[in-house]
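What the coordinates show
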Amino acid sequence: MKRTDHISWDEYFMGIAMFSAQRSKDSNTQVGACIVNSRKKIVAVGYNGMPTGCNDDDMPWERTGETPLDTKYPFVCHAELNAVLNSNSADLYGCTLYVTLFPCNECAKALIQAGIKRVVYHSNKYADTDSVKASMILFERCGVTFQQYEPSGKQILLEL
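Overview of the structure. (Residues numbered from 1 in each chain as written. Predicted model: local features only at pLDDT ≥ 70, side-chain atom pairs only at ≥ 80, totals over all residues. Heavy atoms only, no water.)

1. Side note on unusual backbone geometry
Positive phi values are uncommon outside glycine, yet Lys40 reaches one of about 65°. Along the chain, the position of Lys40 falls in the loop between β1 (32-36) and β2 (42-47). (Helix = DSSP H or I, 4+ residues; strand = E, 2+ residues; numbered from the N terminus.)

What follows is the structure, encoded as structure tokens:
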């Protein structure tokens, strides 16, 4: 008899995004992203981190500093942008992004330009910020749907 307690596609792809977030070296916020095409194939993953070639031991990871250059913010590449740039597909049009944190406005612009049409997010802890409000406006005006991930409540166990 066929197993019926398997995880959904949303659970699978959000799990990949959550697993990818564990690669982040940011001590405060770990974000992961997974881009999936219409055939349910993963075409890219990403996590937040310093640009390729930067020794992240030499870069600031703090949230506050004497100047903005003493913080991580001008340097860290967000998971969504890394996923777009890491794509193994020339065309992301119509794809879905699974991401652990709702995208900022800068990432929203990159996602729209790349052709992403659906965003499934796990958390929106910055919902009251102008950046996230701008993202929502951009998504709505550009036809990108977004929804919060809803786990089924199934316990996901890995047996090796």
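Having put the structure on the table, let's press on.
2. Structural notes on the side chain of Ser135
Summarising the element assignment, Ser135 is placed in helix α4 (residues 130-142). The class of Ser135 is buried, set by a relative accessible area of 0%. Among all residues touching Ser135, those that are not within four sequence positions of it are Phe102, Pro103, Cys104, Asn105 and Ala108. (Buried < 20%, exposed > 50% of the residue type's maximum accessible area, 1.4 Å probe, protein only. Contact = heavy atoms within 4.5 Å.)

3. A few points about the packing of helix α3 (residues 105-114) against α4
Relative placement of two packed helices is described by the angle separating their axes and the distance separating the axes. The contact between α3 and α4 brings their axes to 8 Å, and the two run at 20°. Relative to α4, the element α3 lies roughly parallel. Considering the relative orientation of α3 and α4, their crossing is right-handed. The segment α3 lies against α4, with Asn105, Ala108, Lys109, Leu111 and Ile112 engaging Ser131, Ala134, Ser135, Leu138, Phe139 and Cys142. Taken together, the residues of the contact of α3 with α4 sort by class into 7 nonpolar, 3 polar and 1 charged. (Axes fitted to C-alpha atoms, helices over the stretch in contact; angles between N-to-C directions. Parallel < 35°, antiparallel > 145°, perpendicular 65-115°, else oblique. Left-handed = near helix turned anticlockwise from the far one by under 90°. Nonpolar A, V, L, I, M, F, W, Y, C, P; charged D, E, K, R; others polar.)

4. Thoughts on the pairing of strand β5 (residues 145-148)
Note that strand β4 (residues 118-123) and β5 share 4 bridges and pair parallel. Looking at β5, one finds that Tyr121 is bridged to Gln148. The handedness of the β4 to β5 crossover, carried by α4, is right-handed. (Pairing = 2+ DSSP bridges. Right-handed = clockwise from strand over helix to strand, strands pointing away.)

5. A few points about α3
Of the positions making up α3, those classed as buried are Cys107, Ala108, Leu111, Ile112 and Ala114. Here the buried residues of α3 occupy an arc of 160° about the axis, which is enough to place them on one side. Check the buried side of α3 and you find it contacts α2 (79-85), β3 (96-101) and α4. Where α3 ends, the next residue or the one after it, Gly115, has phi of about 100°, a positive value. (Arc of directions from axis to C-beta.)

6. Description of the packing of aromatic side chains
Per the counting criterion, the structure on display carries 8 aromatic pairs. A centroid spacing of 5.4 Å and a plane angle of 15° characterise the contact between Trp9 and Phe13, whose relative ring orientation is stacked. Residue Trp9 and its partner Phe13 are both found in helix α1 (residues 9-21); the two are separated by 4 residues, about one turn of the helix. Residue class for Phe13 comes out buried when judged on its relative accessible area of 1%. Their ring planes at 80° and their centres at 4.9 Å tell us that Phe102 and Tyr121 sit as a pair that is edge-to-face. Here Phe102 is found in the loop between β3 and α3, whereas its partner Tyr121 is found in strand β4, with 19 residues between them in sequence. Three or more aromatic residues joined by ring pairs form one cluster here, namely Trp9, Tyr12, Phe13 and Tyr98. (Phe/Tyr/Trp six-rings, centres within 6.5 Å; stacked < 30°, edge-to-face > 60°.)

Treat this as a map of the structure, not an account of what it does.
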